[in-house]
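# Understanding the architecture of this molecule
The lines below spell out each chain.
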Amino acid sequence: MTVNNEIKKSFLASVWFMFLTFPIMVIKVNTVSNTVEWRWMNMVGVGVGAFFLSMLWRYLLVKKEMGGKKEKTDKPGLVQRVLGERKFAVPALVVLGIFTLVFPHLFSMYQTNIMISALIYVMLGLGLNIVVGLAGLLDLGYVAFFAVGAYSYALLNLHYGLTFWIALPLGGLLAGCFGLILGYPVLRLRGDYLAIVTLGFGEIIRLVLENWNEFSYGPSGIANIPKPPLFGLDLSLNQKTIYLFYILVALVIFTIFVINRLQDSRIGRAWIALKDDEIACQAMGIDKAKTKLRAFALGATWAGMGGVIFAAKTTFINPASFTIWESVIILCTVVLGGMGSIVGVISGALLLILLPEYLRDFGEFRMITFGTVLVLMMVFRPGGIVENVRKTYTFKR
Amino acid sequence: MKPILEVNNLTMDFGGLRAIDHLNISINKGEIAALIGPNGAGKTTFFNCITGIYTPTGGDVRISRDGKPERINGLKPNVVTRKGLARTFQNIRLFNSMTVLENVMIGCHPVTKTGVLGAIFRTRATRAEEKLIVERSYAILEKIGLDKYVNELAVNLPYGAQRRLEIARAMATDPFLLLLDEPAAGMNPQETLELDELILKIRDEDKISVLLIEHDMKLVMSLSDNIHVVDYGKKIAEGGPEEIRNNPVVIKAYLGEEIDA
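### Quick word on the sheet that holds strand 7 (residues 177–181) of chain B
Residue and element names in this part refer to chain B. The six strands are arranged 6-7-8-3-9-10 in an open sheet whose pairing can be described as mixed. Since the sheet does not close on itself, it has two edges, and those belong to strand 6 (85–87) and strand 10 (234–239), each with one partner. Ignoring strand direction, the axes of neighbouring strands in this sheet form an average angle of 20 degrees. Contacts between helix 7 (residues 189–206) and the sheet are confined to strand 3 (32–36), strand 7 and strand 8 (209–213), with strand 8 contributing the most and set at about 150 degrees to the helix.

What follows is the structure, encoded as structure tokens:
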């Protein structure tokens, strides 16, 4: 009965699709010879394709629901279990480390450059993960802090000749200050309201950069930003890129280290408690304002450092690089990867940035494929690629 | 002896509604006091006023922990907690995604001080503090009788245990006065009996005074040294259990007036 029902539904779906695509897939008007061409074969193709895709979709949904019923317990997924076991985790990390070290020598410059972009997003994703994943504050204007970092390097270098290594902490610090500035007025806001205010903040920063010509050189941007120097050595462009890649890898490791430590501390616990219940949290003596500001400032600091590296990588920045779309992508990496999970956010960022690059062969279907992957992921794995299983304290006597 | 909590002429208006009307309550050290009254009398509002969730529109709230009086109205809830007033909630507000132990560990927040840098570098002081937090939390759970649930998620606990966990969490903040908002609500008679013992133990062993809101009269009468009765935001009676039981005003507030035919 149910199978028949499913077939019926799929059949209806395919008829509906044939109807919808009829004008574009079947009718073709040849304006030169003034004839109409009826491509009935296309209609058959659409019908059969839609029918089978619909069947597959239904099958997967049913399977997911069955699976969901079976495992309601808090059993960690495969990835968590593998990472939890030392005998798997250590060799895996060693292999990953060696692969990362030889990556720029093994692959072309193009690949290294893509990887650098992806790693910048890994950093941004991990930073936003503090705000969204740990403290539960939905921030849609995260790119503003990224812009602050990038522009602070570009401008400090332009006016005062500051080098990358001084600009990196300064950019982080400045972005952190902006985090505090944004944090103060929005402390009382939650959820949707907070998202809208942060969205506005992100746009304000971009518009200021676009229109304040004397300060930021407007839409024409700032060019000739130097790449990081290595003890005054004269490096070729290739070597500079490889050097930047290694710097970024080190920074990502540093980020993971810091977030891991924070997560597993008095402060990280306060964030999680704040996400669970604000009033109870305050009744436990936790300062709501301070805890939220900490999350905002720390998240922003990482965006700022990411911005400095971005400026060093592209050597040219203008406001077009800091649109709302970037914020959305960063938020997607966090949600898709798995909120609160470090491994998840890293895989999410790599997937979201690398996928569109490698899909370039698909030409115009690139963004459709990208969108489809996003939709499928959210339907079948709403917790993200690697769902966060929070490390809980287990008490042993 | 000076009272540890002294509330003078406390008034709370919500627009035109006066939820609390010139209420005076004082609690002495080592006392178990109860605040009773019909539904909507303003008992929980009173708790919210003295714990900083609401800012009272009039009157004074003074505490004195070590004989030094201090005015606390208008302070934020987290500051009030740090000063030694801990509370539980009528509708249970546990951190559901955390384990029982972690819930109590959150309660240790006011008595610890690791900051961002301490957390990142995990200094010796931080590690010592973390160890202390875990041990302290476990000791509290043991006392409350929840040690068998230590690694369970708070949300999976039976109802009575969740109420006790709220008490454990409040105890972790190192209070001198515990404010319990209907701690026995939804408990079965056996659980209520255990709660009775627990509250006495908290008072006698930890030297923490208790003020509770409760509808279970049996519990109130057996526990309380002093009972305050409020109705429509006003105090209508105060006294020991015997006195309150026979007070005609209280009976009237609860049961209504007898109509003589």
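### Some thoughts on the environment of W40 of chain A
All names here are of chain A. Its place among the elements puts W40 in helix 2 (residues 40–70). According to the C-beta neighbour criterion, W40 is exposed, with 8 such atoms within 10 Å. Taking the C-alpha atoms as reference points, W40 and F380, separated by 340 residues in sequence, lie 35 Å from one another.

### Here's the deal with the nonpolar core
Across soluble globular proteins, you tend to see nonpolar side chains buried next to one another. Membership of the largest hydrophobic core comes to 164 residues, with the highest contact counts inside it found for F146, A147 and A150 of chain A together with V100 and A168 of chain B. At 15 residues, the largest contribution of residues to this core is made by helix 5 (residues 109–134) of chain A. Excluding anything up to four places from it in sequence, A168 of chain B contacts V104, I140, L141, I144 and L146 of chain B.

### With respect to helix 6 (residues 143–160) of chain A
Residue and element names in this part refer to chain A. For helix 6, which comprises 18 residues, the first-to-last C-alpha distance of 25 Å matches the rise-based estimate of 26 Å (1.5 Å per residue) to within 8%. For helix 6, a buried count of 13 out of 18 residues is recorded, marking the element as mostly surrounded by other parts of the structure. Positive backbone phi, at 65 degrees, marks G161, one or two positions downstream of helix 6.

### Concerning the domain arrangement of chain B
All names here are of chain B. Once the domains are mapped, chain B shows domain 1 (1–84 + 175–261) and domain 2 (95–174). Of note, the centres of domain 1 and domain 2, computed from C-alpha atoms alone, are 27 Å apart. The interface of domain 1 with domain 2 comprises ten residues on the first partner and nine residues on the second. Sorting the residues of the side of domain 1 that touches domain 2 by element identifies helix 2 (77–82), strand 7 and helix 7 as the ones contributing at least two each. Of the residues that constitute the side of domain 1 that touches domain 2, the class distribution is six nonpolar, two polar and two charged.

### Some details on the interface of chain A and chain B
Accessible area lost on assembly of the parts is the figure often given for the size of an interface. Contact with chain A, which involves 26 residues of that partner, is made by 33 residues of chain B. Within the residue set of the side of chain A that touches chain B, elements represented by two or more residues are helix 10 (237–263), helix 11 (266–276), helix 12 (278–283) and helix 13 (288–314) of chain A. Its residues assigned to classes, the side of chain A that touches chain B shows 13 nonpolar, five polar and eight charged.

### Topic: the pairing of strand 7 of chain B
Residues and elements named next belong to chain B. Of all five residues making up strand 7, five are buried, and the element is well covered by its neighbours. Of the two faces of strand 7, both are covered, the one formed by L177, L179 and D181 as well as the one formed by L178 and L180. Bridge count for strand 6 against strand 7 is three bridges, and the pairing is parallel. Residue R87 lies in a different strand from strand 7, and its bridge partner there is L179. For strand 7 and strand 8, the ladder comprises five bridges, and the chain directions are parallel. Along strand 8, the bridge assignment pairs L180 with L212.

### Details of the sheet that holds strand 2 (residues 17–27) of chain B
Paired through backbone hydrogen bonds, the strands of a sheet run either parallel or antiparallel to each other. All names here are of chain B. With antiparallel pairing, the four strands of this open sheet are ordered in space as 2-1-4-5. Sheet topology places strand 2 and strand 5 (69–71) at the edges, where each strand pairs with a single neighbour. Put simply, the sheet's adjacent strands are angled 25 degrees from each other on average, direction ignored. Bridge count for strand 1 (residues 5–14) against strand 2 is seven bridges, and the pairing is antiparallel. Its bridge partner being in strand 2, V7 is matched across the sheet by I25. Packed onto the sheet, helix 1 (residues 43–50) meets strand 1, strand 2 and strand 4 (58–64) and runs at close to 70 degrees relative to strand 2.

Cut-off values and rules
- Residues numbered from 1 in each chain as written.
- Chains lettered and ligands numbered in written order.
- Predicted model: local features only at pLDDT ≥ 70, side-chain atom pairs only at ≥ 80, totals over all residues.
- Pairing = 2+ DSSP bridges.
- Helix = DSSP H or I, 4+ residues; strand = E, 2+ residues; numbered from the N terminus.
- Axes fitted to C-alpha atoms, helices over the stretch in contact; angles between N-to-C directions.
- Contact = placed C-beta atoms within 7 Å.
- Buried ≥ 20, exposed ≤ 12 C-beta atoms within 10 Å, placed from the backbone.
- Core = buried A, V, L, I, M, F, W, Y, C linked by C-beta atoms within 7 Å.
- Expected span 1.5 Å × (residues − 1).
- Domains from an automatic or database assignment.
- Nonpolar A, V, L, I, M, F, W, Y, C, P; charged D, E, K, R; others polar.

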